[in-house]
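Summary of structural features
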Amino acid sequence: MGITIAVSALCGAVAFSCAYIYAMHTFNSKVTDLAEKQAMFTKLYEVDSAIRENYCGEINEEELRNALASQYVERIDKENIIYVPENKYDSDKYKDYKNCKISDGSYVLIKKSVLKDNPKETTTK
């Protein structure tokens, strides 16, 4: 009986340790991502603030948001990622892309051949 309790306690301790290690790894990766995103948005906020505080011209907010999104995806990978505003999206035209609809109705399209979960496949044209 004592051996059974000891083995059960040991198994529980191992399971707890594994879960703790996994949780800490996940937490640390999220904190790193958060710090990177904070740095990116801080820079964008500072540029935006400087312009809005000093520029006397008119800013078209919708055009600005679309240009930001378009340039963002282009700088990451202009060959495989596309930003398409809702009014220009045509599902037949983008069959080779995974479409990710975002909150304003526009799309971020990622070529299927470069998706994280896509096994390396050869495509024929």
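Presented here is a report on the structure given in the accompanying data block. Please read these numbers as outputs of a predicted model, since none were measured by experiment.

This next bit is on the pairing of strand S3 (residues 107-111). Bridge count between strand S1 (residues 81-84) and S3: four bridges; the pairing is antiparallel. Directly across from Ile 81, in S3, lies its bridge partner Ile 110. Across five bridges, strand S2 (residues 97-101) lies against S3 in antiparallel orientation. Paired with Cys 100 across the two strands is Val 108, which belongs to S3. Taking the residues that link successive antiparallel strands as the turn, the S2-S3 hairpin has five residues, and the phi of Gly 105 there is positive, at about 95 degrees.

For the rest of this paragraph, the subject is the packing of aromatic side chains. This structure, assessed with the given rule, holds three aromatic pairs. Between the aromatic rings of Tyr 89 and Tyr 94, the centroid separation amounts to 6.0 Å while the plane-to-plane angle is 10 degrees, which identifies the pairing as stacked. Pairing Tyr 94 with Tyr 97 gives two aromatic rings, centres 5.9 Å apart and planes at 80 degrees, and the pair type is edge-to-face.

Before going further, it helps to examine the side chain of Asn 80. Here Asn 80 lies in the loop between helix H2 (61-77) and S1. When residues no more than four places from it in sequence are discounted, the contact partners of Asn 80 are Tyr 97, Leu 109, Ile 110, Lys 111 and Val 114.

Sheet strands line up and pair through hydrogen bonds in the backbone, either parallel or antiparallel. Strand order in the open sheet formed by three strands is S1-S3-S2, with antiparallel pairing between adjacent strands. Since the sheet does not close on itself, it has two edges, and those belong to S1 and S2, each with one partner. Here the average twist between neighbouring strands, direction ignored, is 20 degrees. Lying over the sheet, H2 contacts S1 and S3, oriented at roughly 170 degrees with respect to S1.

Attention shifts here to H2. Between the first and last C-alpha of H2 there are 25 Å, a value that for 17 residues agrees with the 24 Å anticipated at 1.5 Å per step. Backbone nitrogen of Glu 62 and a side-chain oxygen of the N-cap are separated by 3.2 Å at the start of H2; the cap is Asn 60.

Each value, and the rule that gives it
- Residues numbered from 1 in each chain as written.
- Predicted model: local features only at pLDDT ≥ 70, side-chain atom pairs only at ≥ 80, totals over all residues.
- Heavy atoms only, no water.
- Pairing = 2+ DSSP bridges.
- Helix = DSSP H or I, 4+ residues; strand = E, 2+ residues; numbered from the N terminus.
- Phe/Tyr/Trp six-rings, centres within 6.5 Å; stacked < 30°, edge-to-face > 60°.
- Contact = heavy atoms within 4.5 Å.
- Axes fitted to C-alpha atoms, helices over the stretch in contact; angles between N-to-C directions.
- Expected span 1.5 Å × (residues − 1).
- Polar contact = N/O pair within 3.5 Å; in protein donor to acceptor, adjacent residues only side chain to side chain.

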